[in-house]
Amino acid sequence: MSDLQLRKRRGFDSYVDETVSSPNLGDEKKKNVFSRSKQFATTNKQHTIAIAIVTLLGAWTTFYKIWYPAEVVFDEVHFGKFAGYYLNRTYFFDVHPPLAKMMLAFTGWLIGYDGHYDFANIGESYIENNVPYVGLRTLPAVLNVLSVSLIYSIMRESGYSVMTCILTACMYALDNSAVSQNRLILLDSMLIFYMLSTVYCYIRFRKVRYQEFTPAWWFWLAMTGFTMAQTVSVKMVGLFVVASIGVCVLVDLWELLDINRGLSMNHFMKHFSARALCLIALPTFVYLFWFYIHFAILNQSGPGDSFMSASFQETLANSAIKMKSLDIHYYDEITLQHPPTEAYLHSHDLRYPLRYEDGRISSQGQQVTGVKEVDDNCYWRVLPTKDIPVDAENRVPVHHGDIIRLEHVATGTVLLTHDVASPLMATNEEITTVTPDSRYNETLFEVILDDHHNGNTWSTHMKQVKLLHVDTKVAVWTRDKALPDWALGQQDVNGNKNTHDRSNFWTAIEIKGLNATEINMNKKKEPKKMAFIFKFLELQGRMLKHNAGLTKPHPYQSTPIMWPFLIRGISYWSKNETREQIYMTGNVFGWWLSVGALAIYAGVMLADILARRRGIEPIEEPLRHRFISSAGFFVILWVFHYIPFFAMGRSLFLHHYLPAATCNYLLLGAIFQFMFIDGVDSPVSDLEGTTNTKFRQFNPLGMIAHSSAKTFVAAFIILMLQLITFLFLAPITYGTRGLNVDEVLRRKVLSSWDLQFAK
């Protein structure tokens, strides 16, 4: 590059020492400042026009025929239903945090929807069921359009040229997966919007980082924490953006800790405390706040009751389980069910065989088993171990920590376990029964209630119980394993030595001779209180556990390695009569080009590292700094939104990659700038510091970017190919028009795409 070109490209001299005396230095700086200010004023006008254009493009691609199909599509069966539950204040359970669903419910409330429809099946008509589905779809669609604007703004605030900003935003606006996913009654639009908002706010914070503790500094730092919390409050995968920002903040703090930065430890601790306040305390408060609102709204019993503990269910009005619940008293005859296997504790007058098939010896005691259907052999009388009279008027309830005996009503024998191996598990103890007047100490069991801190009286349905053997310290336990024919193939019951196993708990279902519903109808049972933090922790635990348990195979599931290459999409909706379908897949050109951008970034970084080891500096410092800090930030975002899925055991789908694909488009824009635009606009941060540190004594190297004919040609070619691909796949993105067999086969870009009506 010639000296003239280099001077044209640079805005002012590199690292001019402000302490050096020069009669012409002030005038030169004024000229440079005036020149750059004039250029930035022109650029700002261009940015204003450009962001308006790309936003209109996003609105067109997103809202085009948003009313079609007028039927339930894919996971609208879940999230439309959840919005209705909020409107009816009916408790439900979902693996995702509540914010996005409450936003949908609020939208429904604004447009007059009363939540009457249950969104039962894909393909059901919204019009026939009088559902204002277009209004409900408008919220995610609007946020998708705003995401286009955010992508443009992120690139602009990062210092990229107008052409780069336009290219990046248009690539997203013309992505088929973003359109098909983010205009339906789903959560991903909110997730991506808040993720991009977090990225935008953090970049704005980084730009004013030298104006430490000023109002602007505090505002953007706090907004980063707030939007970060909003992201996690939509879906738990929002934690990926938390991790991304967290890594950057740690690097930032590490640099501030450097003694060469001139900060005292007290000053550094102020920085640390500010970030802890805004990026840990504030997000935690916001996240908890939305759950508080969630519980405040959902105060009526509903379909989510069964996922929660009995104590939690007692806090809900009109709880069905409360209507079935009665306190258990001594001498009551009860049935006990094992929730994980749904088996009832059972006994009969058959005996264990003397010798098992493996040669082990039994006690030949009466068999105790588990059965799926309750019968007369499933009733057990609760006997006290202290002097409590049988008094129908003054019945004594059973409490947590009481020592009891259980009498099998049908045979008059008492439950016992002892140091004899169980039939199928040699490590566990045999459960049997004996006559009431024999082996008294071996028939004693301690009542251990789950959640006894919220009421220590044993009750049916509401309080699960662990029966801990006093003598041998094992718990009565069962598993879904059938005994041989000598036990009629009934379920194995034994004494579990792992007393901390959650599956040791049983639920009392019925008290013989008492009609719980009839008794409770005559009582006015007010919902009980439960501390918010306990409700939150319980729900959070259930959400995580249930999410990890979503391992059931699905015909359209895929693995993370497939996602960047669009090996497999998802069939969202189809209509046989018109041969129309919605198949969620990305813009093949854009996604594959984005993968190429990742490879280019890795290659350039490797080449630069190797060259610098040999004393060669192939990339000018402002360009290199932008490439590492900005493009590197986008790589971090992509990595944290993609790689963690490889460690997940649950069923996964292509739509899980959408946040990562969005970050990949940001990187694509950065690579485009690096390859096709001469230089960068630098610096983009405000360098007027509020602290007189050593770092502030110098001006960093300035540079002005210059586009050329090749810039516009490259951008035009890329955008045209993205547009052509988008339009080619549009019929399976929007679900209209219907395609014949040949047209479907042409759109089957990869043989692994399982499109409908392909034959």
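Overview of the structure.

Conventions used here
Residues numbered from 1 in each chain as written. Predicted model: local features only at pLDDT ≥ 70, side-chain atom pairs only at ≥ 80, totals over all residues. Heavy atoms only, no water. Phe/Tyr/Trp six-rings, centres within 6.5 Å; stacked < 30°, edge-to-face > 60°. Helix = DSSP H or I, 4+ residues; strand = E, 2+ residues; numbered from the N terminus. Buried < 20%, exposed > 50% of the residue type's maximum accessible area, 1.4 Å probe, protein only. Patch = residues over 30% accessible without salt bridge, like charges linked within 9 Å, V, L, I, M, F, W, Y side chains within 5 Å. Areas by Shrake-Rupley, 256 points an atom, 1.4 Å probe, with all protein chains shown as cover. Salt bridge = Lys/Arg side-chain N within 4 Å of Asp/Glu carboxyl O. Core = buried A, V, L, I, M, F, W, Y, C linked by side-chain atoms within 4.5 Å. Contact = heavy atoms within 4.5 Å. 1 Å grid on protein atoms, 1.4 Å probe; cavity = no way out; pocket = protein on both sides within 12 Å on 5 of 7 lines; lining within 4 Å. Points joined across faces, edges and corners; volume = space filled by probe spheres on them. Nonpolar A, V, L, I, M, F, W, Y, C, P; charged D, E, K, R; others polar. Polar contact = N/O pair within 3.5 Å; in protein donor to acceptor, adjacent residues only side chain to side chain. Pairing = 2+ DSSP bridges.

**Description of the packing of aromatic side chains**
Then step 1. As enumerated under the stated definition, the model contains 50 aromatic pairs in all.
Then step 2. Geometrically, the ring pair formed by Y287 and F291 is edge-to-face, given 5.0 Å between the ring centres and 65 degrees between the ring planes. Of the two residues, Y287 and F291 both sit in helix α11 (residues 265–297), 4 residues apart, roughly one turn of that helix.
Then step 3. Given the relative accessible area of 11%, Y287 is considered buried.
Then step 4. For F291, a relative accessible area of 1% corresponds to the buried category.
Then step 5. Taken together, a centroid distance of 6.0 Å and an interplanar angle of 65 degrees make the contact between F295 and F532 edge-to-face. Here F532 lies in helix α15 (residues 532–548) and F295 lies in helix α11, a separation of 237 residues in the sequence.
Then step 6. When its relative accessible area of 23% is taken as the criterion, F532 is described as partly exposed.
Then step 7. Within the aromatic cluster, the residues linked to one another by ring pairs are Y91, Y287, F291, Y292, F295, F312, F532 and F536.

**A closer look at a nonpolar patch on the surface**
Then step 1. On the surface, a nonpolar cluster with roughly 550 Å² of combined accessible area is contributed by V713, F716, I717, M720, L721 and I724.
Then step 2. Position of F716 relative to the elements: it lies in helix α19 (residues 709–734).

**Things to note about the nonpolar core**
Then step 1. F119, F633 and F634 are the most contacted members of the largest nonpolar core, which totals 155 residues.
Then step 2. Per-element accounting of this core gives the leading share, 13 residues, to helix α8 (residues 188–207).
Then step 3. Leaving out residues up to four positions away in the same chain, F633 has contacts with V199, Y202, I203, I245, C248 and I628.
Then step 4. Membership of the second largest hydrophobic core comes to 29 residues, among which are I328, W380, V447 and I511.

**Observations regarding empty space enclosed by the protein**
Then step 1. Taken as a whole, this structure holds 6 cavities of 30 Å³ or more when the rule is applied.
Then step 2. Along the walls of the largest cavity sit 13 residues, with L191, V237, F645, H656 and P659 positioned nearest its centre.
Then step 3. With 3 residues, the single largest contributor to the lining of the largest cavity is α8.
Then step 4. Here the lining of the largest cavity is composed, by residue class, of 6 nonpolar, 5 polar and 2 charged.
Then step 5. In this structure, the second largest cavity occupies an estimated 60 Å³ of space.
Then step 6. Forming the walls of the second largest cavity are F92, F93, D94, H96, P97, P98, K101, F291, H294, L539 and M543.

**Digging into the side chain of E333**
Then step 1. Among the secondary structure elements, E333 is positioned in strand β1 (residues 333–338).
Then step 2. Within the structure, E333 has its side chain in polar contact with the side chain of R381 (distance 2.6 Å).
Then step 3. When near neighbours in sequence (up to four residues on either side) are disregarded, E333 contacts Y379, W380, R381, V409, E510, I511 and K512.

**A short note on the pairing of strand β8 (residues 445–449)**
Then step 1. When you tally the buried positions in β8, you get 4 out of 5 residues, the bulk of the element.
Then step 2. Of the pairings in the sheet, the one linking strand β5 (residues 403–408) to β8 comprises 2 bridges and is antiparallel in character. Each residue of the ladder has a partner; that of I404, found in β8, is F445.
Then step 3. Pairing analysis gives 5 bridges linking β8 to strand β9 (residues 464–469), with the strands arranged antiparallel.

**Some thoughts on the environment of F674**
Then step 1. Looking at where F674 falls in the secondary structure, it is placed in helix α18 (residues 658–676).
Then step 2. In the structure, F674 is positioned 43 residues away from A631 in sequence and 9.6 Å away in space, judged by C-alpha atoms.
Then step 3. Excluding anything up to four places from it in sequence, F674 contacts V604, I619, L623 and F627.

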